[in-house]
Amino acid sequence: MIIHELGTNSAKYGSLSTAGGSLEVSWVVERRSGTSLVLDWIERGGPPVGKPPRHGFGLTLIEREVSHGLGGKAKIEFEDGGLRVNLRIPLDSQ
């Protein structure tokens, strides 16, 4: 659901809604004090991005599912160049 929400919003309002926009998605399994999946979603070249005045359904879904559903952390940044999302999801058994 998280990736679907990000992709849908990118196609409607973000970098994938314009011909010159691009999307970079990368991930790595990080082993520090535990094992985590770290996913970066970086949009570039789309319409100007601004922080929404309120949390809508999509932001609420992403933050809730990552933190409560998966026990991780979501960092969502609305930068001039586009949306940046960093997800950290623990893979170790709790």
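Predicted, not measured: the structure shown is a model, and the values here were computed from it. (Residues numbered from 1 in each chain as written. Predicted model: local features only at pLDDT ≥ 70, side-chain atom pairs only at ≥ 80, totals over all residues. Heavy atoms only, no water.)

## Quick word on the overall build of the chain
Stage number 1. Helices and strands together make up the secondary structure of the chain, namely two helices and four strands.
Stage number 2. Going from N to C terminus, the chain has its helices and strands arranged as α-β-β-α-β-β.
Stage number 3. For 94 residues, the compact-globule estimate of 2.2 N^0.38 gives 12 Å, and the chain sits close to it at 14 Å.
Stage number 4. Out of the 94 residues in the chain, the part that is buried amounts to 30%.
Stage number 5. Pairs at least 24 residues apart make up 54% of the contacts formed inside the chain by residues separated by at least 6 positions.
Stage number 6. Each charge class in the chain can be summarised by its mean position, and for the 11 positive and 11 negative side chains these summaries are 3 Å apart. (Helix = DSSP H or I, 4+ residues; strand = E, 2+ residues; numbered from the N terminus. Rg over C-alpha atoms; globule rule 2.2 N^0.38 Å. Buried < 20%, exposed > 50% of the residue type's maximum accessible area, 1.4 Å probe, protein only. Contact = heavy atoms within 4.5 Å. Lys, Arg positive; Asp, Glu negative; His and termini not counted. Charge placed at Lys NZ, Arg CZ, Asp CG, Glu CD.)

## Quick look at the sheet that holds strand β2 (residues 35–44)
Stage number 1. Reading across from one edge, β1-β2-β4-β3 is the order of the four strands in this open sheet, with antiparallel pairing throughout. The open sheet terminates on both sides in strands that have one partner only, identified here as β1 (22–31) and β3 (73–79). This sheet shows a mean twist of 10° between the axes of neighbouring strands, independent of strand direction.
Stage number 2. Bridge count for β2 against strand β4 (residues 82–90) is seven bridges, and the pairing is antiparallel. When the sheet's bridge partners are listed, V38 is paired in β4 with R88. (Pairing = 2+ DSSP bridges. Axes fitted to C-alpha atoms, helices over the stretch in contact; angles between N-to-C directions.)

## Brief notes about the environment of V85
Stage number 1. Mapping V85 onto the fold places it in strand β4.
Stage number 2. Linking V85 and I42, residues 43 residues apart in sequence, is a C-alpha distance of 6.6 Å.
Stage number 3. Excluding residues within four positions of it along the chain, V85 makes contact with L6, L39, D40, W41, K75 and I76.

## Section: the nonpolar core
Stage number 1. Within the largest apolar cluster, 12 residues are counted, these being I2, L6, L39, W41, L59, I62, V66, I76, L83, V85, L87 and I89.
Stage number 2. Of all the elements in the fold, those that place two or more residues in this core are α1 (2–12), β2, α2 (57–69) and β4.
Stage number 3. Sort the elements by how many residues they give to this core and β4 lands first, with four residues.
Stage number 4. Those residues in contact with L83 that lie beyond four places of it in its chain are L6, W41, I42, E43, V49, I76, E77 and F78. (Core = buried A, V, L, I, M, F, W, Y, C linked by side-chain atoms within 4.5 Å.)

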